[in-house]
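# What the coordinates show
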Amino acid sequence: QVQLVESGGGLVQAGGSLRLSCAASGRTSSRFSIGWFRQAPGKEREIVAAANWSGALTYYADSVKGRFTLSRDNAKNTVYLQMASLRPEDTAVYYCAANPLRTGILTQGGEYTYWGQGTQVTVSS
């Protein structure tokens, strides 16, 4: 069993930055696949970024490439999503997800078995 708790969301002006955190608990090791997704009102959930167990390999959606950075600190069982140059279209609820049985990069929501409760990010124009 893994519990994921996101934090760091909020309201920011376009061009601003936010850092989301996802704290994992329930296992002695957090060396597993992790991902960040988002869902805007009226839209389907989409992948934002994903990382392998060490964080050495990462994936980013084209819409956030060059602006968002995923990192992980396995010693702290925490994953971060640094978001810069935010745009109004980045407004969404952001979720972190994990699959403790996998170690590679997973880009499909169905591949993840644990999800956080989500944190709202609102970017004003």
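Residues numbered from 1 in each chain as written. Predicted model: local features only at pLDDT ≥ 70, side-chain atom pairs only at ≥ 80, totals over all residues. Heavy atoms only, no water.

### Describing the pattern of salt bridges
Under the defined criterion, the tally for this structure stands at 4 salt bridges. Between Arg38 and Glu46 there is a salt bridge, and its shortest N-O distance comes to 2.6 Å. A relative accessible area of 5% means that Arg38 is categorised as buried. Taking the shortest distance from any N to any O, the salt bridge between Asp90 and Arg67 comes out at 2.8 Å. Linking Asp90 in the loop between strand 8 (78-83) and strand 9 (92-99) with Arg67 in the loop between strand 6 (58-60) and strand 7 (68-73), this pair joins segments that are 23 residues apart in sequence. (Salt bridge = Lys/Arg side-chain N within 4 Å of Asp/Glu carboxyl O. Buried < 20%, exposed > 50% of the residue type's maximum accessible area, 1.4 Å probe, protein only. Helix = DSSP H or I, 4+ residues; strand = E, 2+ residues; numbered from the N terminus.)

### A closer look at a nonpolar patch on the surface
The grouping of Leu57, Tyr59 and Ile105 at the surface amounts to a nonpolar patch, some 250 Å² of accessible area in total. As for its position among the elements, Ile105 is in the loop between strand 9 and strand 10 (114-115). (Patch = residues over 30% accessible without salt bridge, like charges linked within 9 Å, V, L, I, M, F, W, Y side chains within 5 Å. Areas by Shrake-Rupley, 256 points an atom, 1.4 Å probe, with all protein chains shown as cover.)

### A word on the environment of Ser29
Along the polypeptide, Ser29 turns up in the loop between strand 3 (18-25) and strand 4 (33-39). Judged by its relative accessible area of 30%, Ser29 falls in the partly exposed class.

### What to know about the state of the cysteines
Considering all chains together, one arrives at 1 disulfide under this definition. Bridging Cys22 to Cys96, the disulfide has an S-S length of 2.0 Å. On the sign convention where negative means left-handed, the S-S torsion of about 60° between Cys22 and Cys96 marks this disulfide as right-handed. Remark: Cys96 occurs in strand 9 and Cys22 occurs in strand 3; sequence separation between them is 74 residues. The buried category is assigned to Cys22, whose relative accessible area is 1%. (Disulfide = S-S within 2.5 Å.)

### A look at the packing of aromatic side chains
By the definition in use, this model includes 3 aromatic pairs. The interplanar angle of 80° and the centroid separation of 5.4 Å between the aromatic rings of Phe37 and Tyr112 together place this pair among those described as edge-to-face. Taken together, the positions of Phe37 in strand 4 and Tyr112 in the loop between strand 9 and strand 10 put the pair 75 residues apart, joining distant regions of the chain. Of the two residues, Phe37 and Tyr112, neither departs from the other in class, the shared state being buried. Measuring from centroid to centroid gives 6.2 Å for Tyr112 and Trp115, while their planes differ by 70°, and the two rings are edge-to-face. A relative accessible area of 5% places Tyr112 in the buried class. Judged by relative accessible area, Trp115 falls into the partly exposed class, the value being 28%. Through successive ring pairs, a cluster of aromatic residues spans Phe37, Tyr112 and Trp115. Taking the ring centre of Phe37 as reference, the NZ or CZ of Arg45 above it sits at 5.7 Å. (Phe/Tyr/Trp six-rings, centres within 6.5 Å; stacked < 30°, edge-to-face > 60°. Lys NZ or Arg CZ within 6 Å of the ring centre and 35° of its normal.)

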